[in-house]
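Listed below, chain by chain, are the residues.
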Amino acid sequence: MNKNNLFKLLGLLVIASMALAACGGGGSAATEPPAEGSKVTSTGYTCPEPEFPMEVTSTEINIFVWTEYIPVEMIECFELVYGIKVNRDEYSSNEEMYAKVSAGGSNYDLVQPTDYIIALMARQDLLQELDHAKLPVLKNFDANYLDFEFDPGNKYTIPYQAGTDAIVVNTDAVENVPASWEDLWKPEYAGKMVFLDDSRATIGMVLLTLGYDVNTTDPAQLEAAKAKLAELVPNIKLFDSDSPKTALIAGDVDLGMTWTAEALLAQQENPAIQYVYPTEGAILWQDNWAMLKGAPHADAAYAWLNYTMQGNIFWMMLRDFPYTNPNQAALDYAMANQKELYDAYMASPITNTPADAIKNGHRIADVGEATPLYDDIWVEVKGGQ
């Protein structure tokens, strides 16, 4: 899921003095320069000290992450504080990540799998168990985002961000606002839609319109979903997991299916853009950090997880990538030090998902031996779109 940083510079200009005051020991950047010896990023951000300092001998770390999903200060501060070079490669789908990692020889330390792919990766012996004794940062997380079925006891993962897949629509351009996934098949929307380039979410949405489970393994039900998806695909103008909001903001498309933050960032640019939780239920998801088996820089990986997930660092996700934040320490920090960001986050039904939307939602899971059936649907129906 590309979480593009399109609005980052604007956000930095608006809150620069607040951020420097909060992490630089008080006062504004104009009147109080950083204390002697402080680590300062290229954006002028004063890096906080590690809350959970780690002993590290590695001089680099290799991470494989969703496109544009990490604030620049987070990376720069880690490099400045620990003297460790961060090498980052990016992907735009779980399937892309899995294919590269499972092929071997990737040399990555950390990846960011979404919930449903974790069980598959564990079953393929691609992940190593986390040593919770080396992760004091675990105390920062809201318990509602821990111990999910996809990773009981957080044996392999810790949370990163959560969110939903639902309907996004420009209400200035669309007269009849869709209320359900089923509505997206209406001829009036043909050629006006953007969808995530996400096989499980899109096929899952189709299954819901047929009254089936998003994780069905029934070949007959999947065949029915394939036929129905084939009716929809010609009406979709583009599939985009890099930056679906871009086409919405530009007016190239008027509605479709997207993630939490992409909808909110588009709405900040154009208030007519709304996020609709469909009557059949939204898709619920959570992205997580996981360490690969044989990670060459495991010590740096533990240092990265503990430092970047501490509250006075991870609050920046509210600014740059406003998904649903599982990190309670980050929310507490934002409430005390970045109140405008915190209040906007809490007030938005996009980021602060309503309880009924969660109750009515559906979480995609590993489907085991049925996985090739889903892959075949995507390849055959989506084809060269």
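Please read all numbers here as calculations on a predicted model, not as lab measurements.

Student: Any chance you could explain the packing of helix 5 (residues 199-209) against helix 6 (residues 219-232) here in plain terms?
Tutor: Between helix 5 and helix 6, the least distance of the axes is 9 Å, while the angle of their chain directions is 105°. When the axis of helix 5 is compared with that of helix 6, the two are roughly perpendicular. Two secondary-structure elements touch here, helix 5 through Thr202, Ile203, Met205, Val206, Leu207 and Thr209 and helix 6 through Gln221, Leu222, Ala225, Lys228, Leu229 and Leu232. Grouping the constituent residues of the contact of helix 5 with helix 6 by class yields eight nonpolar, three polar and one charged.

Student: In this structure, what is going on with the packing of helix 2 (residues 72-82) against helix 9 (residues 298-308)? I would like to understand it.
Tutor: Axis separation between helix 2 and helix 9 bottoms out at 11 Å; the angle between their running directions is 120°. Relative to helix 9, the element helix 2 is oriented oblique. Helix 2 and helix 9 meet at a crossing whose hand is right-handed. Mapping the contact onto sequence places Met74, Ile75, Cys77, Phe78, Val81 and Tyr82 in helix 2 and Ala300, Ala303, Trp304, Tyr307 and Thr308 in helix 9. Looking at the contact of helix 2 with helix 9, its residues break down into 10 nonpolar, one polar and no charged.

Student: I'm lost on the packing of aromatic side chains in this one. Help?
Tutor: Inspection of every chain in the model, using the stated rule, returns 21 aromatic pairs. Where Trp66 meets Trp259, the ring centres are 6.3 Å apart and the plane angle is 75°; that geometry is what we call edge-to-face. Linking Trp66 in strand 1 (residues 60-66) with Trp259 in strand 7 (residues 255-259), this pair joins segments that are 193 residues apart in sequence. Pair check on accessibility: Trp66 and Trp259 agree, each one buried. Ring geometry for Trp289 against Trp304: centres 6.1 Å apart, planes inclined by 85°, an arrangement best described as edge-to-face. Of the two residues, Trp289 is situated in strand 9 (residues 283-291) and Trp304 in helix 9; the sequence distance between them amounts to 15 residues. Of the residues examined, Trp304 reaches a relative accessible area of 0% and is grouped as buried.

Student: Looking at this structure, how should I read helix 12 (residues 328-337)?
Tutor: Since the α-helix packs 3.6 residues into each turn, any two residues three or four apart lie on the same face. Within the span of helix 12, buried status applies to Ala330, Leu331, Tyr333 and Ala334. All buried residues of helix 12 fall inside an arc of 160° around its axis, so they share one side. Capping the start of helix 12, Asn327 holds a side-chain oxygen 3.2 Å from the backbone nitrogen of Ala329, two or three residues further along.

Student: Sorry if this is basic, but what is going on with the pattern of salt bridges here?
Tutor: Any two side chains of opposite charge can pair, given that their charged atoms come close. Scanning all chains against the criterion turns up 16 salt bridges. Among the salt bridges present, the one from Lys100 reaches Asp89, with a minimum N-O distance of 3.9 Å. On the criterion of sequence distance, the pair formed by Lys100 in helix 3 (residues 94-102) and Asp89 in strand 2 (residues 85-91) is long-range, its members being 11 residues apart. Residue Lys100 is classed as partly exposed on the basis of its relative accessible area, which comes to 40%. Where salt bridges share partners, they join Glu73, Arg319 and Asp320 into one cluster.

Calculation criteria
- Residues numbered from 1 in each chain as written.
- Predicted model: local features only at pLDDT ≥ 70, side-chain atom pairs only at ≥ 80, totals over all residues.
- Heavy atoms only, no water.
- Axes fitted to C-alpha atoms, helices over the stretch in contact; angles between N-to-C directions.
- Helix = DSSP H or I, 4+ residues; strand = E, 2+ residues; numbered from the N terminus.
- Parallel < 35°, antiparallel > 145°, perpendicular 65-115°, else oblique.
- Contact = heavy atoms within 4.5 Å.
- Nonpolar A, V, L, I, M, F, W, Y, C, P; charged D, E, K, R; others polar.
- Left-handed = near helix turned anticlockwise from the far one by under 90°.
- Phe/Tyr/Trp six-rings, centres within 6.5 Å; stacked < 30°, edge-to-face > 60°.
- Buried < 20%, exposed > 50% of the residue type's maximum accessible area, 1.4 Å probe, protein only.
- Arc of directions from axis to C-beta.
- Polar contact = N/O pair within 3.5 Å; in protein donor to acceptor, adjacent residues only side chain to side chain.
- Salt bridge = Lys/Arg side-chain N within 4 Å of Asp/Glu carboxyl O.

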